[in-house]
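Descriptive structure summary
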Amino acid sequence: MPISITDYADALVALNSQLQAGLGVFGIDVPITEKQIRLYSQQVLLYKCLAVGLLFAWSCVLDNSLACLVTLAEITQAVAFMVLLLRVVKQRSVAGISKKMLALHVVATACRSQSTLFFHGYLPYFGWGAALFPVFDLGVAAVAVYLLVLCSKFKHTYSSEADSCWVFWILPLALAIAYFSHPSANSNAYADTMWAASMWIDAFSMLPQIWMLRGSSNFESVTSHFVALTFAARLMGLIYWFESYELLKLQRYEWGVGLITWNYPGYFVVAASALQVLSVGDFMYYYIAKAAERSGSSMLATSGRLEL
């Protein structure tokens, strides 16, 4: 029998009540209300699904299946967009969300799909990963498009003044770098160039969102969680390409010389992946610092209650 999200929220409320009763014996307060649980029950479910995926991916890594990180990164990115979508639908507001960031994600997926839908050169080299990656990649683009529609629907909550990062240079620059440095895993110049361009578009796609959040002090918001999950997804991608960039090396046989290999495309892919991580690294520093500060304050308050 299928369980509705309401039943799941009821179960979380019951679990929280038992937790509060158990810890209350020791004078420890759990500052989570029933209203908060019901409000964020869908996000909790998404995070639990992501945790299961992480455990499965870790088991694959232990079995030397590092390629699963590529698909897991895309799944994490999909969860990030779903968290953002749930927040918009619940609050009927797109405050703090950059339309330019959403548009760049759609463009990046459109470029990448020219490769992943018709070729297999850059897909994970094991069955379920190769099948799931394009599905979640297109799913991210679909959610981003829907969020753009909601930005128009709830335009009274959208701040065009804050979303002022200039992004029109990104696509020409990405295409230029990709044209001169693309790998040849697909053995198709167009598909290889489009895939490489998507890497460089992704490297800059979060800049408009970071630009909007630069003056915000609310690092615990759902929008901040979206950026943090995006950082995690990009970090997994960087780990994979740092370990696997040798797969992208080019080879040529010359008479009298033998086989010549060079791997500047691999270096460019690692550079693009590193830039994807670094583009949100500054935000993550403040995000973690704020979380640690809040955790320290909570522990101090709990310690005070225990002493009393």
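Quick look at the structure, then. Note on numbering: residues in each chain are counted from 1, in written sequence order. A pLDDT threshold of at least 70 governs which residues receive local features in this predicted model, and a stricter bar of 80 or more applies before side-chain atom pairs are shown or counted, although totals over entire chains, interfaces and linings include all residues. Note that the side-chain values use all heavy atoms of the structure and ignore hydrogens as well as water.

1. A look at the overall build of the protein
Which entries qualify depends on this criterion: Helix and strand labels come from DSSP, where a helix needs a run of H or I of at least four residues and a strand needs a run of E of at least two; each type is numbered from the N terminus. Think of it in three bands: residues with accessible area under 20% of the maximum for their type are buried, residues over 50% are exposed, and the middle band is partly exposed, with areas taken using a 1.4 Å probe on protein chains only. Residue contacts are defined here by distance: any two heavy atoms, one from each residue, within 4.5 Å place the two residues in contact. Here the Shrake-Rupley method, with its probe set to 1.4 Å, supplies the accessible areas, and only the displayed protein chains count as covering residues.
Counting its secondary structure elements, the protein contains twelve helices and two strands. Taken from the N to the C terminus, the helices and strands of the protein come in the order α-α-α-α-α-α-α-α-α-α-β-β-α-α. Going through the 308 residues of the protein one by one, you find that 44% of them count as buried. Long-range pairs, those at least 24 residues apart, make up 77% of the contacts in the protein between residues at least 6 apart in sequence. For the protein, the exposed surface amounts to about 16400 Å²; the carbon and sulfur share of it is 67%.

2. Things to note about the pattern of salt bridges
The following threshold applies: For this document, the term salt bridge refers to a Lys or Arg side-chain nitrogen within 4 Å of an Asp or Glu carboxyl oxygen.
One pass over the full model with this rule turns up two salt bridges. One salt bridge connects Arg112 with Asp137, and the closest N-O pair in it is separated by 2.9 Å. Here Asp137 lies in helix α6 (residues 127-153) and Arg112 lies in helix α5 (residues 99-116), a separation of 25 residues in the sequence. Exposure remark for Arg112: the relative accessible area of 8% places this residue in the buried category. Salt bridges linked by common partners bring Arg112, Asp137 and Asp202 together as one network.

3. Regarding the nonpolar core
Counted only if it meets this: As used in this record, nonpolar core signifies buried Ala, Val, Leu, Ile, Met, Phe, Trp, Tyr and Cys residues forming a set joined through side-chain atoms within 4.5 Å.
Formed by 34 residues in total, the largest nonpolar core has its most connected members in Phe81, Leu102, Leu147, Phe226 and Val227. Listing elements by their share of this core, those giving two or more residues are α4 (68-91), α5, α6, α9 (207-213), α10 (222-244) and α12 (281-307). Here this core gets eight residues from one element, more than from any other, and that element is α4. With near-sequence residues (within four places) excluded, Leu102 lies in contact with Phe81, Ile97, Ala144, Leu147, Leu148 and Cys151. Within the second largest apolar cluster, 32 residues are counted, among which are Ala108, Ile170, Ala197 and Ala272.

4. Focus: α5
Structural remark: α-helix, 3.6 residues per turn; residues separated by three or four positions point the same way. For clarity, the threshold we go by: Take the residue count of a helix, subtract one, and multiply by 1.5 Å to get its expected span. As used in this structure description, the phrase polar contact means that two N or O atoms lie within 3.5 Å; if the pair is within protein, one of them must be able to donate a hydrogen and the other to accept it, and residues adjacent in sequence are counted only when both atoms belong to side chains.
Under the 1.5 Å per step criterion, the end-to-end length of α5 is 25 Å for 18 residues, consistent within 8% with the ideal 26 Å. Along α5, the residues that are buried comprise Met101, Leu102, Leu104, His105, Ala108, Thr109, Cys111, Arg112, Ser113, Ser115 and Thr116. The opening residue of α5, the one whose side-chain oxygen lies 3.3 Å from the backbone nitrogen of Lys100, is Ser98.

5. Focus on the packing of α5 against helix α8 (residues 189-205)
This is how the line gets drawn: Think of each axis as a best-fit line through the C-alpha atoms, taken over the contacting stretch in the case of a helix, with angles from 0 to 180 degrees between the N-to-C directions. The scheme is simple: roughly parallel for angles under 35 degrees, roughly antiparallel for over 145, roughly perpendicular for 65 to 115, oblique for anything else. By the definition used in this description, the sense in which the near helix is turned from the far one sets the handedness, with an anticlockwise turn below a right angle giving left-handed and a clockwise turn giving right-handed.
The geometry of α5 relative to α8 is characterised by a closest axis approach of 7 Å and an angle of 160° between their N-to-C directions. In terms of axis orientation, α5 runs roughly antiparallel to α8. Where α5 crosses over α8, the handedness of that crossing is left-handed. Side by side, α5 and α8 meet where Met101, Leu104, His105, Val107, Ala108, Cys111, Arg112, Gln114 and Ser115 of the first sit next to Tyr190, Ala191, Met194, Trp195, Ser198, Ile201, Asp202, Phe204 and Ser205 of the second.

6. As for the environment of Trp241
Assignment of secondary structure puts Trp241 in helix α10. Residues Trp241 and Val269 lie 28 residues apart in sequence; the distance between their C-alpha atoms is 7.3 Å. Sequence-distant contacts of Trp241, that is, excluding residues within four places in its chain, are made with Tyr122, Trp195, Met199, Leu248, Val269, Val270 and Ser273.

7. Here's the deal with the packing of aromatic side chains
For any two aromatic rings, the description comes down to two numbers: the centre-to-centre distance and the angle of the planes. How we decide: Centres within 6.5 Å are what make two rings of Phe, Tyr or Trp a pair, Trp counting through its six-membered ring; a difference in plane orientation under 30 degrees is then read as stacked, over 60 as edge-to-face, and the rest as tilted. We count a charge as sitting over a ring when the NZ of a lysine or the CZ of an arginine lies within 6 Å of the ring centre and within 35 degrees of the ring normal.
Inspection of the entire model under this criterion finds eight aromatic pairs. Between Tyr179 and Phe180, the aromatic rings sit 5.0 Å apart at their centres with planes inclined by 90°, giving edge-to-face as the arrangement. When the ring of Trp195 is compared with that of Trp241, the centres are 5.4 Å apart and the planes differ by 65°; the resulting orientation is edge-to-face. On the criterion of sequence distance, the pair formed by Trp195 in helix α8 and Trp241 in helix α10 is long-range, its members being 46 residues apart. For the pair Trp195 and Trp241, one class covers both residues: buried. Every member of this aromatic cluster is reached through a ring pair, and the members are Tyr122, Trp195, Tyr240 and Trp241. The ring of Tyr158 has Lys99 lying over it, and the distance from NZ or CZ to the ring centre is 5.2 Å.

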